[in-house]
Amino acid sequence: MAALLQVQDYVNGIRKNDKRILAKAITLVESKKPEHRSIAEALLKEIMPFTGNSVRVGITGVPGAGKSTFIESFGKMAIRHHKKVAVLAIDPSSSINKGSILGDKTRMEDLAKEENAFIRPSPSSGFLGGVANTTFETMLICEAAGYDYILIETVGVGQSEVLVADISDVFLFLKIIGGGDELQGIKRGIMEMVDIIFINKVNEENLQKAKNTKLELKRALHFMPPKEKGWTVPILLGSALYHQGLEEVYDAISDFIDLKKKSGRFDEVRQLQAEKRFDYWVQEYILQRSKTSSDALSYEEFKKNASEMKSNPSSEAKKFVDLLLGKS
């Protein structure tokens, strides 16, 4: 990691949307080194008054659904609407060095050239839910830099991906037309969390199949409890590659946000999301504390008992936490 800046230098650079400093600030927040974490915490505290003004869109779908193509086309369209767009593209991680292995920036070359766009590929580092563990904090930095739309592209790894809903205002599901049962492989959890569905890669040849898929999805949603009162999940058809149907998605996102704000749910949901981030970091810091100083030997001892199945792992964890908190 390059030489660290002073906290105020980071803040000034972020507020000016200096993309070089913006990238440095995100790298700082992603770092797990204690000396970096302390500066990152100070930085996040300073920028908090400038956060919260974006629309946070989580975008999910199976591999091959065209997420990157959709984000590039949608991002360029939003910029034409005079919006600034930040893309947090969460790549699958290498199991060896935890680094990003796909590099979404190389797959969004046109969007990357736009002055009002910022693309940040980040490794998921094995974190469940298809999002990196610092994606929420990275999002706050982008908001402080003045970005209107934060598009979060997830790995597309399965059921645990519903966790993306915990950091977004809108959950967009990309679907493609497949053979056989159109609903096969779609997890119930995702369907319960979805706010908008976009059936991608629709053309003249598969239009009827797309309409059939839409009908089946509509029937499936009929049996799901409504996520937001007064909102019927729209199922839209189009092609991100050929820029078809994107305006309808843009309008649906705007309508959904307006509905949530009028009902008071917008702020309520964001407060719940912030509370979940608090809970996550409590667990993270307890785990860090567990592995340091005088607690490290006890941690390894209880962990060894669990790994050798001398005792139930949950029991060993409870005994260790009781010991740790008792010391506090």
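Predicted, not measured: the structure shown is a model, and the values here were computed from it.

Trainee: Explanation requested: the overall build of the protein in the structure shown.
Mentor: Counting secondary structure elements, the protein contains 12 helices and 7 strands. Restricting the contact set of the protein to residue pairs at least 6 apart, pairs at least 24 apart contribute 76%. Carbon and sulfur atoms make up 54% of the accessible area of the protein, which totals about 16,900 Å².

Trainee: Hey, could you run me through a nonpolar patch on the surface in this one?
Mentor: Taken together, the side chains of Phe278, Val282, Ile286 and Leu325 make up a nonpolar region of the molecular surface, amounting to roughly 350 Å² of accessible area. With 3 residues, helix 10 (residues 265–290) is the single largest residue contributor to the nonpolar patch. Its location among the elements puts Phe278 in helix 10.

Trainee: Help me out: how do you make sense of a negative patch on the surface in this one?
Mentor: On the surface, Glu247, Glu248, Asp251, Asp255 and Asp258 cluster together to form a negatively charged patch. Along the chain, the position of Asp258 falls in helix 9 (residues 246–263).

Trainee: Got a minute to help me understand the pattern of salt bridges in this structure?
Mentor: Tallied over the full model, the rule gives 13 salt bridges. In this structure, the salt-bridge partner of Glu143 is Arg56, at a minimum N-O distance of 2.7 Å. Taken together, the positions of Glu143 in helix 6 (residues 135–144) and Arg56 in strand 1 (residues 55–60) put the pair 87 residues apart, joining distant regions of the chain. For the residue pair Glu143 and Arg56, the accessibility class agrees, reading buried in each case.

Trainee: Is there a simple way to think about the side chain of Asp195 in this case?
Mentor: Take Asp195: it is sitting in the loop between helix 7 (188–193) and strand 6 (196–199). In terms of polar contacts, Asp195 uses its side chain to reach the backbone amide nitrogen of Phe171, at 2.8 Å.

Trainee: Please explain the pairing of strand 4 (residues 149–153) as it appears in this structure.
Mentor: Residues in a regular strand project their side chains so that they alternate between the two faces of the sheet. Summarising burial for strand 4: 5 of the 5 residues are buried, a large majority. For strand 1 and strand 4, the ladder comprises 5 bridges, and the chain directions are parallel. Across the sheet, residue Val57 finds its bridge partner in strand 4, namely Leu151.

Trainee: When you look at the nonpolar core in this model, what are you seeing that I'm missing?
Mentor: Across soluble globular proteins, nonpolar side chains show a tendency to be buried alongside one another. One finds Phe70, Ile197 and Ile253 to be the most contacted residues of the largest nonpolar core, which totals 79 residues. For this core, the element with the most residues is helix 9, which contributes 7 residues. If we ignore the near neighbours within four places in the chain, the residues touching Ile253 are Val55, Val57, Phe74, Tyr149, Val170 and Ile196.

Trainee: Sorry, what's going on with the packing of helix 4 (residues 67–80) against helix 9 here?
Mentor: How two helices pack is summed up by the angle between their axes together with the distance between the axes. Direction vectors running N to C along helix 4 and helix 9 enclose 70 degrees, while the axes themselves pass 10 Å from each other. With respect to each other, helix 4 and helix 9 are oriented roughly perpendicular. Contacts between helix 4 and helix 9 involve Phe70, Ser73, Phe74, Met77 and Ala78 from the former and Leu246, Glu247, Val249, Tyr250 and Ile253 from the latter. Along the lines of polarity and charge, the residues of the contact of helix 4 with helix 9 split into 8 nonpolar, 1 polar and 1 charged.

Trainee: What should I look at first to understand the packing of aromatic side chains in this one?
Mentor: Aromatic ring pairs: the centre-centre distance and the angle between the two ring planes describe each pair. Enumeration according to the criterion identifies 10 aromatic pairs in this entry. Look at Phe118 and Tyr147: their rings are 6.2 Å apart centre to centre, the planes differ by 40 degrees, and that puts the pair in the tilted class. In this pair, Phe118 is assigned in strand 3 (residues 117–123) and Tyr147 in the loop between helix 6 and strand 4, connecting sequence segments 29 residues apart. Residue class for Phe118 comes out buried when judged on its relative accessible area of 6%. Through a chain of ring-to-ring contacts, three or more aromatic side chains come together here, namely Phe70, Phe74, Tyr149, Phe198 and Tyr250. Here Arg15 stacks its cationic end above the ring of Phe50, 3.9 Å away from the centre of that ring.

Trainee: What should I look at first to understand the packing of helix 1 (residues 7–15) against helix 3 (residues 34–47) in this one?
Mentor: The contact between helix 1 and helix 3 brings their axes to 9 Å, and the two run at 45 degrees. Judged by the angle between their axes, helix 1 and helix 3 are oblique. Every pair of crossing elements has a handedness; the one defined by helix 1 and helix 3 is right-handed. On helix 3, the residues touching Val7, Gln8, Tyr10, Val11 and Ile14 of helix 1 are Ile39, Ala42, Leu43, Glu46 and Ile47. Among the residues forming the contact of helix 1 with helix 3, the class breakdown is 8 nonpolar, 1 polar and 1 charged.

Trainee: Got a minute to help me understand the confidence of the model for the protein in this structure?
Mentor: Low-pLDDT portions of the prediction should not be read for the details of their coordinates. Looking at the protein, the pLDDT average stands at 85 and 84% of residues meet or exceed 70. Confidence drops under a pLDDT of 50 for residues 93–105, and excluding neighbours within four residues, the segment shows 30 contacts in the predicted structure. Contacts for the low-pLDDT stretch residues 124–132, under 50 throughout, to residues beyond four places or in other chains number 28 contacts.

Definitions and cut-offs
Residues numbered from 1 in each chain as written. Predicted model: local features only at pLDDT ≥ 70, side-chain atom pairs only at ≥ 80, totals over all residues. Heavy atoms only, no water. Helix = DSSP H or I, 4+ residues; strand = E, 2+ residues; numbered from the N terminus. Contact = heavy atoms within 4.5 Å. Areas by Shrake-Rupley, 256 points an atom, 1.4 Å probe, with all protein chains shown as cover. Patch = residues over 30% accessible without salt bridge, like charges linked within 9 Å, V, L, I, M, F, W, Y side chains within 5 Å. Salt bridge = Lys/Arg side-chain N within 4 Å of Asp/Glu carboxyl O. Lys, Arg positive; Asp, Glu negative; His and termini not counted. Charge placed at Lys NZ, Arg CZ, Asp CG, Glu CD. Buried < 20%, exposed > 50% of the residue type's maximum accessible area, 1.4 Å probe, protein only. Polar contact = N/O pair within 3.5 Å; in protein donor to acceptor, adjacent residues only side chain to side chain. Pairing = 2+ DSSP bridges. Core = buried A, V, L, I, M, F, W, Y, C linked by side-chain atoms within 4.5 Å. Axes fitted to C-alpha atoms, helices over the stretch in contact; angles between N-to-C directions. Parallel < 35°, antiparallel > 145°, perpendicular 65-115°, else oblique. Nonpolar A, V, L, I, M, F, W, Y, C, P; charged D, E, K, R; others polar. Phe/Tyr/Trp six-rings, centres within 6.5 Å; stacked < 30°, edge-to-face > 60°. Lys NZ or Arg CZ within 6 Å of the ring centre and 35° of its normal. Left-handed = near helix turned anticlockwise from the far one by under 90°. pLDDT = per-residue confidence, 0-100.

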